[in-house]
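Per-entry structural report
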Amino acid sequence: MVSISFEELFNPEFMESLHRLRLVAGRVPMGGRFAEQRSKAMGHGIEFRDFRPYTAGDDLRAVDWNIYRRLGRVFLRLFEEMEDLPVYLLPDISASGFVNEAPGLPLRAHVGLRATLALGAIAFGQHDSVGLFPVSDKLEVAMRPTAGADRVMSFAARLAGLQRGGGTDLATAIDKFGAMRQREGLVVLVSDFFDPAGIEAVTAALGCLRHRLLLVQLWRKSDAEPDPAQLSGDLRLVDSETGAPLDLFVDDEVLGRYKKAHADFETHLTDFAMRRHAGLLKLDVADDVVDQLATLFEGGRYQA
Amino acid sequence: MNLTQIGAGGLFAGLALLGGAVFLLQRLRVRRDERIVPSTLFWLEAQKESQARKLTERFRSPLVFALLMAIVSLLWIAFAGPLRASQNHASTIVFVDASAAMQREAASGGTRLDAALERAEVLLDKLPRAQRSLVLVGENTTTLLGPGEALELLESRRAQLATGTVAAGPATALRDAIGTLLDARSASSIAQATDAMPLSSRAWKPGSDATVVAIGAPASLDALHALVADEQLKLETLVIPASETANEGILAFGAAPAASGLANTADVYIETTGATPRLTLTLAGGASQTVALETPAPGQFFARGLALDGALATASLDAANDALAADNQATLQLPDSGPIAVEIGNDVPSAWRAALETAIAADTGLVLATGASGADVAIQAGTAATSLPALRLNPEEAGVKTAGTLRALHPAGAPSFAPLFDALALGQLGTGLRAPGGPAATPEAPPSQLLLVEGPTDGPATLDLPAKLIAPPYELAETRTFPLLTGTALRWLAGRTSTEPDLRSLTSRDLLGRGVTLEAPATETPVALELAGTPGPAELWPALVLLAACLLGFEWYLTSTRRIP
């Protein structure tokens, strides 16, 4: 079990604050269930979309007889098809998220789960289908895509029941997710992206997905700017995932090289998001989740 | 500030070494704080360019180095045993008598010197370190413990004493040593006494109070109280009693010219306590031999007619279990007085030659030389120049200015001729040979001045005799004194001024018996020491150690709060 209880995770006030937020997709692929997202398919909705000439076999009930009377030609009236958006939530449950980095500061994994719950609740609330695929050094299937506003509690229970993972191998997990050939939708990866294979391997795997991407990066200010008062001198840094010690003497010079490495990491992730037209939300674990999510939902809507 | 454990040179050398060691340790010191981090991803990249820890890299932390240097310096100085300087403080100087009498067995066992040193150690242990000193007074004065020195040093220095570096001295040595100290003090010239007692004089500064404790035999202590008239000096004496075990020893050991009259021989005299017959005398140097001894009276021994060939005479008394073993043996180095080789020239008249050869053969101190090279003295006719001291027969009487009959020339000049003149009664001869009209002997002009004695000279000594002495009416060679005249003259020419062997300069060695006073067992006296004056200088090492501990705590605080790396 992760060290967060259902009560901590499923806070009514927290859930209430999410009602004003909505996920909006441009055009969802055809084949989904009836929902609130516009589909690429023309359907029988109530919102007029376009006209097109009649062809043999078309439904005569869609013929616009007023145009035929005025122009003498037969046109069909087309309406929007509303379907659901598959939302695949991939929270990172590797050990790096469970390091107690500072007293009073929530764990990265807990913040990530709360963000995952928030996004899932939003999706459930607009009748989108939601799947839960925790990632660490492997991909787990915690909940297959399903829809229904009443599934939120079940979804939260699944989140609270997740087992703490080991190391981080995001590239392998993403590749495995891609191989599952899920219906095209929105993949939300909630992670610190600290993959020993490097951020390049992670972005390469993400680039192969045919889904839309929303990257939620769990970060702390000290990731980019370590406090010299806390990290200086002779240190033995123990990796939380591998337990491997790293002995080094941290001075200004080493700190400078660390900051440069971290800046390169950030730049690479940002550039990838821009190239891929993916959403990127930097979620500071020290601040409120909903407030930061709100920055992603401009006017209460996030265009996936 | 005084340093009592090590000198200033050692202190600074140690500080330099410690500084270097701390410097290197600062560069190499690793004390890692363990931190669990989400990922070492970026630290690994940062470490790729991190340089290894090397002595040649930049210095780690000057502040830490300064702190540690301060700590180790304080500890090192504390180890040196510093004392706060004081201008006026009382001193206690313990003198231990190391005279021959201290070699006797003490009532408590061991020698009295050992007992005295043990008592001194107990005494010194009760005194402040900076106010005490211990001086051993024997043949030489030795400072065993200087002011401020640790008492532990005394054991090793006593071990050196056991090897015999300090010889026993006479009973008056203790009095002389304290007298030297008093003289130096009264003259306010401590430097004058520095050579004799460098440390004790340093401990006793002019104008300060002092207590002198003398520990020794009663004979050495008796005369001390009369020495001390200084109000600032307090004298305490402590008698170390001897055991009641009887002692037998050699009291006297000397030599004298043999009573037989034979040249180059001596009689040896030995006197012992008691009438023990267990005395042996051996000669070593030539052929080792045991000499037969005469015992004319109880405790007296004679060895007659010993050849003066440079042998070492050793008298041994078989009394190993008595109270003083040191006086059971004594040695005497006999002089090496070989016979004088005489060369008689071929030009000497036969009548003289026969008489001279007879006289030389009769004298054990003379021998005819077989060749010119081995001769010590020559006898020749005429006044020709010679490279050897020569007895010359002068038939020409040429150049004689006074009586013209006897002419002597000696490197030492006229005074050296007087013993010969008196021994041979040459005055009468000179008077008889006086030339007609020459000066007569008067009280103002003794007969010796009738003869011509010249010198000093760089050449060999010569003695010219008129050749007419061999003819009537003199017929000197026929007289009974001719052998004596010949032997005495030849010895004088050879530089041996006396017809007897000179034994006055003989020195006996290891003759402890001469300094032994046969005394009744003394009663051990208690010593009550009362230090006068202000308290002595305080020891500073506790304060230094405490300060070092405070600095260590301060360094720990700075490190734990990350104010220093």
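Residues numbered from 1 in each chain as written. Chains lettered and ligands numbered in written order. Predicted model: local features only at pLDDT ≥ 70, side-chain atom pairs only at ≥ 80, totals over all residues. Heavy atoms only, no water.

Description of the interface of chain A and chain B
Each partner contributes residues to the interface: chain A has 33 residues there, and chain B has 25 residues. Scanning the region where chain A abuts chain B turns up 8 residue pairs in polar contact (both at pLDDT 80 or more). Secondary structure elements with two or more residues in the side of chain A that touches chain B: strand S9 (233–239), strand S10 (245–250) and helix H9 (252–276) of chain A. For the side of chain A that touches chain B, the leading source of residues is H9(A), giving 7 residues. Classifying every residue of the side of chain A that touches chain B by side-chain character gives 18 nonpolar, 5 polar and 10 charged. (Contact = heavy atoms within 4.5 Å. Polar contact = N/O pair within 3.5 Å; in protein donor to acceptor, adjacent residues only side chain to side chain. Helix = DSSP H or I, 4+ residues; strand = E, 2+ residues; numbered from the N terminus. Nonpolar A, V, L, I, M, F, W, Y, C, P; charged D, E, K, R; others polar.)

Things to note about unusual backbone geometry
A negative phi holds for most residues other than glycine; trans holds for most peptide bonds. Residues and elements named next belong to chain A. Even without being a glycine, Arg181 presents a positive backbone phi close to 50°. Turning to its location among the elements, Arg181 is positioned in the loop between helix H6 (170–179) and strand S7 (186–191). Take Arg181: its relative accessible area is 63%, and that puts it in the exposed class. Even without a glycine there, the phi angle at His277 is positive, about 55°. One can find His277 in the loop between H9 and strand S11 (279–284). When its relative accessible area of 74% is taken as the criterion, His277 is described as exposed. (Buried < 20%, exposed > 50% of the residue type's maximum accessible area, 1.4 Å probe, protein only.)

Overview of the sheet that holds S9(A)
An order of S10(A)-S9(A)-S2(B) is seen for the 3 strands of this open sheet, with the pairing classed as mixed. Each edge of the sheet is formed by a strand with only one pairing partner; in this case those strands are S10 of chain A together with strand S2 (33–37) of chain B. Adjacent strand axes in the sheet meet at a mean angle of 30° when their direction is disregarded. As defined by bridge partners, S9(A) adjoins S10(A) across 6 bridges and the pair is classed as antiparallel. Within S10(A), the residue paired with A:Arg236 across the bridge is A:Asp247. The strands touched by helix H2 (residues 41–48) of chain B are S9 and S10 of chain A together with S2 of chain B; relative to S10(A), the strand with the most contacts, the crossing angle is about 55°. (Pairing = 2+ DSSP bridges. Axes fitted to C-alpha atoms, helices over the stretch in contact; angles between N-to-C directions.)

Overview of the nonpolar core
Residues and elements named next belong to chain A. If you look at the biggest cluster of nonpolar residues, it comprises 50 residues, and the most contacted ones within it are Leu18, Leu117, Phe155, Val188 and Phe297. Considering each element in turn, this core owes the most residues, 10 residues, to helix H4 (residues 108–125). Leaving out residues up to four positions away in the same chain, Leu18 has contacts with Ala118, Ala121, Ile122 and Val290. Core analysis: the second largest hydrophobic core is formed by 41 residues, Ile199, Val202, Leu209 and Val250 among them. (Core = buried A, V, L, I, M, F, W, Y, C linked by side-chain atoms within 4.5 Å.)

Some words on the environment of A:Leu209
Residues and elements named next belong to chain A. Within the secondary structure layout, Leu209 lies in the loop between helix H7 (199–207) and strand S8 (212–219). Accessibility expressed as a relative area gives 6% for Leu209, which makes it buried. The spatial distance from the C-alpha of Leu209 to the C-alpha of Ala179 is 9.1 Å, given a sequence separation of 30 residues. If we ignore the near neighbours within four places in the chain, the residues touching Leu209 are Ile174, Phe177, Gly178, Val187 and Arg276.

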